[in-house]
Amino acid sequence: MVKKIEHLGIAVKSIEDSLKTFETLLGQKCYKTEEVISEGVKTAFIQIGESKIELLEAVDASSPIAKYLDKKGPGIHHIAFEVDDIVAEIERLTKEGFILIHTSPKDGADNKRIAFLHPKSTESILVELCQEKS
Ligand code: ZN
């Protein structure tokens, strides 16, 4: 079951610069920064009620975020939905014909197991499924 929008991922050139904008805009401080080596990204999270903003900065030129910034520039990169059982959701969505980038969950930032769906099958929006690690 899909429970809520967990966070919006926003691609930025510099977390350090962008954090000031979002912290001032939202009146909240970033509660965590974390590097996800496997994805080549640095992340920073700001909590807003039940949802979050995740800022994403590339750590090197081969990072998917570096490629995204080259092509599209900074902006909203993905929507993350929280699910109660990520393995069951991957199976359900695969049966429904969605294209999964990750066919099994992998470790993501902020203590989550994650899987991405290809934008080809989701109206051109990159979608992340995530589940809190227990
Ligand atoms: Zn995310």
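Check the entry above for the structure.
Residues numbered from 1 in each chain as written. Predicted model: local features only at pLDDT ≥ 70, side-chain atom pairs only at ≥ 80, totals over all residues. Heavy atoms only, no water.

Q: Would you take a moment to explain the overall build of the protein for this structure?
A: Per the secondary structure count, the protein includes three helices and eight strands. Taken against the 2.2 N^0.38 rule, which gives 14 Å for 134 residues, the C-alpha radius of gyration of the protein at 14 Å falls within 12% of a compact globule. Taken along the three principal axes of its C-alpha coordinates, the protein extends 40 × 30 × 25 Å. For the protein, with 134 residues in total, the buried portion stands at 44%. Considering only contacts in the protein between residues 6 or more positions apart, those separated by 24 or more positions represent 54%. Taken together, the 18 basic and 23 acidic charged side chains of the protein have centroids lying 2 Å from each other. (Helix = DSSP H or I, 4+ residues; strand = E, 2+ residues; numbered from the N terminus. Rg over C-alpha atoms; globule rule 2.2 N^0.38 Å. Buried < 20%, exposed > 50% of the residue type's maximum accessible area, 1.4 Å probe, protein only. Contact = heavy atoms within 4.5 Å. Lys, Arg positive; Asp, Glu negative; His and termini not counted. Charge placed at Lys NZ, Arg CZ, Asp CG, Glu CD.)

Q: Help me out: how do you make sense of the sheet that holds strand β6 (residues 106–108) in this one?
A: Across a sheet, paired strands are connected by hydrogen bonds in the backbone, their directions being either parallel or antiparallel. Pairing within the open sheet is mixed, and its eight strands lie in the order β2-β3-β4-β1-β5-β8-β7-β6. Of all the strands in the sheet, the pair left with one neighbour each is β2 (32–36) and β6. If you compare each strand with its neighbour and ignore which way they point, the axes differ by 35° on average. Examined bridge by bridge, strand β1 (residues 2–11) and strand β4 (residues 51–58) share five bridges and lie parallel to one another. Its bridge partner lying in β4, Ala11 is registered against Leu56. Its contacts with the sheet put helix α1 (residues 15–26) on β1, β3 (41–48) and β4, and the angle it makes with β3 is roughly 5°. (Pairing = 2+ DSSP bridges. Axes fitted to C-alpha atoms, helices over the stretch in contact; angles between N-to-C directions.)

Q: Before we go on, may I ask you to explain helix α2 (residues 64–72) in this structure?
A: Residues separated by three or four positions in an α-helix point in the same direction, a consequence of the helix having 3.6 residues per turn. For α2, the full list of buried residues reads Ile65, Ala66, Tyr68 and Leu69. The arc enclosing the buried residues of α2, seen along the axis, measures out at 160°, which places them on a common side. Residues Lys67, Asp70 and Lys71 are exposed on α2 and point more than 90 degrees away from its buried face. Looking at the packing, one finds that the buried side of α2 touches β1, β3, β4 and β5 (75–83). Remark: Gly73 follows α2 within two positions and exhibits a positive phi of approximately 80°. (Arc of directions from axis to C-beta.)

Q: Would you explain the coordination of the zinc ion in this entry?
A: Put simply, a metal with four donors set out as a tetrahedron has ideal angles of 109.5 degrees, and one with six donors set out as an octahedron has ideal angles of 90 or 180 degrees. Around the zinc ion, the protein contributes the donor atoms His7 (NE2), Glu54 (OE), His78 (NE2) and Glu128 (OE), which lie 2.1 Å from the metal centre. For the zinc ion, the four donor atoms are set out with angles of 84 to 172° between them, so the coordination reads as irregular. For the zinc ion, the donor residues sit on a single chain with the sequence spacing H-x46-E-x23-H-x49-E. With His7 in strand β1 and Glu128 in strand β8 (residues 127–132), this pair connects stretches of sequence that are 121 residues apart. Side by side, His7 and Glu128 carry an identical accessibility label, which is buried. (Donors = N, O, S within 2.8 Å, 3.2 Å for Na, K, Ca; no water. Tetrahedral: all angles 85-135°; square planar, octahedral: opposite > 155°, others 65-115°.)

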